[in-house]
Amino acid sequence: MSEKNNCTNGRAKRPFLIGVAGGTASGKSSVCERIVEALGQQKLDSRQRKVTVISMDSFYQDVVTNEAAPGSYNFDHPDAVDEKMMKKTLSELRAGQPVRVPVYDKVKNSRTDFTQIYPTDVVLIEGILVFYFKEILDMLDMKLFVDTDADTRLSRRVMRDVQERGRDLDKVLVQYVKFVKPAFEEFCLPTKKYADVIIPRGAENSVAINLIVHHIRDILNGGIKTEYQNGKAKLIDGLSTPMHTSTLIPSGPVGRKASESGGRPH
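All residue numbers here refer to positions counted from 1 along the written sequence of the relevant chain. Totals for whole chains, interfaces and linings use all residues, but because this is a predicted model, local features are given only for residues with pLDDT of at least 70 and pairs of side-chain atoms are given and counted only at 80 or more. No hydrogens and no water enter the side-chain calculation; it runs on all heavy atoms of the structure.

### Some words on the confidence of the model for the protein chain
As a note on interpretation, predicted positions should not be read in detail where pLDDT is low. So the rule is basically this: Confidence of the predictor in every single residue is expressed as pLDDT, which spans 0 to 100. Whether two residues are in contact is decided by their heavy atoms: any pair within 4.5 Å suffices.
Residues with a pLDDT of 70 or more make up 75% of the protein chain, whose mean pLDDT is 81. Of the regions scoring below 50 in pLDDT, residues 236-266 engages in 65 contacts with residues more than four places distant in sequence or in other chains.

### Here we look at the sheet that holds strand E8 (residues 142-147)
This is how the line gets drawn: When DSSP finds at least two bridges between two strands, those strands are taken to pair. Numbering of helices and strands runs from the N terminus; a helix is a DSSP stretch of H or I covering at least four residues, while a strand is a stretch of E covering at least two. Axis definition: a line fitted to C-alpha atoms, over the contacting stretch in the case of helices. Angles run 0 to 180 degrees between N-to-C directions.
Strand order in the open sheet formed by five strands is E4-E7-E3-E8-E9, and the pairing between neighbours is parallel. Among the strands making up the open sheet, the edge pair consists of strand E4 (51-55) and strand E9 (197-200). On average, each strand axis in the sheet is tilted by 20 degrees relative to the strand beside it, whichever way the strands run. Inspection of the sheet shows strand E3 (residues 16-22) paired to E8 by five bridges, in the parallel sense. If you follow Ala-21 over to E8, its bridge partner there is Phe-145.

### A short note on the packing of aromatic side chains
The cut-off we apply is this: Within 6.5 Å between ring centres, the rings of Phe, Tyr and Trp (the latter by its six-membered ring) count as paired, and their orientation is classed by plane angle as stacked under 30 degrees, edge-to-face over 60, tilted in between. We call a residue buried when its accessible area falls under 20% of the maximum for its residue type, exposed when it is over 50%, and partly exposed in between, using a 1.4 Å probe and counting protein chains only.
According to the stated counting rule, one finds five aromatic pairs in the structure shown. With centroids separated by 5.6 Å and ring planes inclined at 90 degrees, the aromatic side chains of Tyr-132 and Phe-187 adopt a geometry described as edge-to-face. One end of the pair, Tyr-132, is in the loop between strand E7 (122-126) and helix H4 (134-137); the other, Phe-187, is in helix H6 (residues 169-188), and 55 residues separate them in sequence. With relative accessibility at 36%, the residue Tyr-132 sits in the partly exposed group.

### Thoughts on the nonpolar core
Counted only if it meets this: Grouping buried Ala, Val, Leu, Ile, Met, Phe, Trp, Tyr and Cys residues that are joined through side-chain atoms within 4.5 Å yields what is termed a nonpolar core.
If you look at the biggest cluster of nonpolar residues, it comprises 38 residues, and the most contacted ones within it are Ile-54, Met-56, Tyr-60, Val-81, Met-86 and Phe-131. Put simply, the parts of the chain that give this core at least two residues each are E3, helix H3 (83-94), strand E5 (99-105), E7, H4 and H6. Those residues in contact with Met-56 that lie beyond four places of it in its chain are Val-81, Met-86, Ile-125, Glu-126, Gly-127, Ile-128, Leu-129 and Val-130. In terms of nonpolar packing, the next biggest core, distinct from the first, is built from 24 residues, Phe-16, Cys-32, Leu-39 and Leu-220 among them.

### Quick word on the layout of surface pockets
Applied cut-off: The way it works is a 1 Å grid over only the protein atoms, where trapped points that fit a 1.4 Å probe form a cavity and open points with protein on both sides within 12 Å along at least five of seven lines form a pocket, and then any residue with an atom within 4 Å of a point lines it. Grid points are joined across faces, edges and corners, and a volume is the space filled by probe spheres set on the points. Each residue gets one of three labels, nonpolar for Ala, Val, Leu, Ile, Met, Phe, Trp, Tyr, Cys and Pro, charged for Asp, Glu, Lys and Arg, and polar for the others, Gly among them.
Size it by volume and the largest pocket reaches roughly 1100 Å³. Lining the largest pocket are 43 residues, with Ser-29, Ser-55, Asp-57, Lys-106 and Glu-126 positioned closest to its centre. Mapped onto the lining of the largest pocket, the elements with two or more residues apiece are helix H2 (28-38), E4, E5, strand E6 (110-117) and helix H5 (150-164). Examining the composition of the lining of the largest pocket, we find that six residues originate from one element, H2, more than from any other. Per-class residue counts for the lining of the largest pocket are 13 nonpolar, 17 polar and 13 charged.

### Topic: empty space enclosed by the protein
As enumerated under the stated definition, the model contains three cavities of 30 Å³ or more in all. Taken as a whole, the largest cavity spans an internal volume of roughly 60 Å³. If you go around the largest cavity, the residues you meet are Gly-23, Thr-24, Asp-76, Ile-128, Arg-153, Val-180, Ala-183, Phe-184 and Cys-188. The greatest single-element share of the lining of the largest cavity, amounting to four residues, is contributed by H6. Residues of the lining of the largest cavity, tallied by class, amount to five nonpolar, two polar and two charged.

### Quick look at unusual backbone geometry
The phi dihedral of Ala-25 is positive, around 60 degrees, even though this residue is not glycine. If you trace the backbone, Ala-25 turns up in the loop between E3 and H2. The exposure class assigned to Ala-25 is buried, which follows from its relative accessible area of 14%. Although it is not a glycine, Arg-201 adopts a positive phi angle of roughly 70 degrees. Summarising the element assignment, Arg-201 is placed in the loop between E9 and helix H7 (206-221). Residue class for Arg-201 comes out partly exposed when judged on its relative accessible area of 39%.

### Remarks on the packing of H2 against H7
We apply this condition: Note that the term roughly parallel is reserved for angles under 35 degrees, roughly antiparallel for angles over 145, roughly perpendicular for angles of 65 to 115, and oblique for everything else. Should the near helix be turned anticlockwise from the far one by less than a right angle, the crossing is left-handed, and should it be turned clockwise, the crossing is right-handed.
Contact pair H2 / H7: the axes reach a minimum separation of 10 Å and the direction vectors enclose 50 degrees. Here H7 runs oblique to H2, going by the angle between their axes. Viewed along their axes, H2 and H7 form a crossing whose handedness is right-handed. Where H2 abuts H7, its residues Val-31, Arg-34, Ile-35 and Ala-38 lie against Ser-206, Ile-209, Ile-212, Val-213, Ile-216 and Arg-217. Its residues placed into classes, the contact of H2 with H7 shows seven nonpolar, one polar and two charged.

Okay, here's the thing in structure tokens:
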């Protein structure tokens, strides 16, 4: 990234980290894509972008051959994620350094290459367990939880695994019942309470996404500034009025504050 984009008054500008969590096939990637498109970032060269998206899936552990058969390995368990590498990558980005992010092949269940990511003003990191690891959770300046009902997530997961990954329907359903659903209830759903903003219906919720895009655009344009205290971002507007991200989306049909989320989404 150019010095102009990455520095303010001669000092390195720390990226604003946004975590996007939610269950499998809830629409996390689609929400990130909608945000990037609305900000006009999708067609820019990697060195020109102000917003970058990183998937937690890139940090899955390599799976040994005898464990890699479809439906026989629990990718929804925290042990499947290389937490140390993920933390190191985000720490380096926060320090304004370029990083090499693994390219994970979900058919071979292994890392096949690396891609170079340059520091940007805003970094979105999405994944089912983004809020689960405390040290990573503590790095996040804003936390979004994509809340989609279980039936929709299951149908999306089945279509994706069968059509895109060539997996057998029976094995996909067995894996869902054996690993995916229990892991969601044990590891992912409890982290919903950490969200600043909850997005019902995922990418279909254009009102919620537009509000978030507007907020990010204000950050990029300097309308909302960030101050960092004890390693955490504090958002302030041009008049230095305190602002909390949970006020972006009101309670009710569009969204609700994390403190009001209460029970399960399904």
